[in-house]
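# Coordinate analysis (summary)
Read off the chains here:
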Amino acid sequence: MRWPSEAVWEQVVAQLPGFTVEVLPEIDSSNSELMRRARAGQLDPVLLVAERQSAGRGRLGRAWQARPGDSLTFSFGRLLAPQDWSGLSLAVGVALAGALHPDLRLKWPNDLWLGERKLAGILVETAAAPAPTPAPAQGRYAVVGVGINLAVPAADGLSTAPAGLRELLPGIEAGDALLRVAGALASALAAFEAGGFAPFQARFQALDLLAGRPLQLSDGTSGSGAGVRGDGALLVQTAGGTVAVTSAEVSVRPA
Ligand SMILES: O=C(O)CCCC[C@@H]1SC[C@@H]2NC(=O)N[C@@H]21
């Protein structure tokens, strides 16, 4: 039987004018596949859904484990030419959370959390267009990978206990989750290209899991979350004043 169902498939495709929509039964990683294609010169807009990934990847070289049927794993690829790339994964998080459920919160820079547990992650990568570069010459091919837990996965080896979307939306299947997010993500990529992170900043702050909480950063900084800047940098109130953080692992310090 085709996955997702014909009806869901048609609705997803209808939300994505200009995109090719593809479902692969198995691939190492939907991000890796789109990055390989981009390096080989395939720069067209694609939504690639993977039913199963044998080598799913997360940020910082981590593995992304996902059980088929109990998760949704996909990557969007398209040429993007924003003036400033900072904050793209935050903008994607805003779009995902808005499309999935009002109880979800965003953990800077790229996670969706339910309460104190991670429910989804985002992996953004970009590839330079190979020469001869098509117009717009300054663009790069952006690959936006998303992994959403539907059922609660086993916590094996994870630093925090995971959550699943079925806790909020009982019985939701991968196709229905895809239908919720596909159009919103395509629109967010277009809005990001036009205006960068700034149009998403207020919505991020409204969903910011870290705001006002005691934080420990991997670079040794500690303080409390003070929102995000217009370029997506995390603001941390420290004893010495407010600092802007552009890359670090952040954890909430136990009170
Ligand atoms: O939380 C993270 O560190 C990001 C996880 C991103 C996982 C998704 S699943 C689809 C796409 N393909 C991958 O290999 N990774 C992303």
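Check the entry above for the structure.
The model shown is predicted, which means the values in this text are computed figures rather than measured ones.

### What to know about the site of the ligand
Neighbouring the ligand are 21 residues; S29, Q53, R57, R59 and K118 lie closest to it. In this structure, a nitrogen atom belonging to the ligand sits 3.2 Å away from a side-chain N or O atom of S30. For the ligand, whose accessible area on its own is 410 Å², the fraction buried by protein is 98%. Counting residues per element, the ones that place at least two in the shell around the ligand are α2 (30-39), β3 (71-80), β6 (117-128) and β7 (140-149). The leading source of residues in the shell around the ligand is β6, at four residues. Of the residues belonging to the shell around the ligand, the class tally is five nonpolar, twelve polar and four charged.

### Here's the deal with the packing of helix α3 (residues 88-100) against helix α4 (residues 174-195)
One can describe the packing of α3 onto α4 by two numbers: an axis separation of 8 Å at closest approach and a directional angle of 145°. For the crossing formed where α3 meets α4, the hand is right-handed. Between α3 and α4, the residues in contact are L88, A91, V92, A95, L96, A99 and L100 and A177, R180, V181, A184, L185, A188, L189 and F192, respectively.

### Observations regarding the packing of aromatic side chains
Under the counting rule described, the total for this entry stands at three aromatic pairs. Geometrically, the ring pair formed by F19 and F76 is edge-to-face, given 5.4 Å between the ring centres and 85° between the ring planes. Of this pair, F19 sits in the loop between α1 (6-14) and β1 (20-24) while F76 sits in strand β3, and the two are 57 residues apart along the sequence. Comparing F19 with F76 shows no difference in burial state: the two are buried. When the centroid spacing of 6.1 Å and the interplanar angle of 80° are considered together, the rings of F74 and F76 count as edge-to-face. Put simply, the rings of F19, F74 and F76 pair up and form one aromatic cluster.

Definitions and cut-offs
Residues numbered from 1 in each chain as written. Predicted model: local features only at pLDDT ≥ 70, side-chain atom pairs only at ≥ 80, totals over all residues. Heavy atoms only, no water. Near = heavy atom within 4 Å. Polar contact = N/O pair within 3.5 Å; in protein donor to acceptor, adjacent residues only side chain to side chain. Areas by Shrake-Rupley, 256 points an atom, 1.4 Å probe, with all protein chains shown as cover. Helix = DSSP H or I, 4+ residues; strand = E, 2+ residues; numbered from the N terminus. Nonpolar A, V, L, I, M, F, W, Y, C, P; charged D, E, K, R; others polar. Axes fitted to C-alpha atoms, helices over the stretch in contact; angles between N-to-C directions. Left-handed = near helix turned anticlockwise from the far one by under 90°. Contact = heavy atoms within 4.5 Å. Phe/Tyr/Trp six-rings, centres within 6.5 Å; stacked < 30°, edge-to-face > 60°. Buried < 20%, exposed > 50% of the residue type's maximum accessible area, 1.4 Å probe, protein only.

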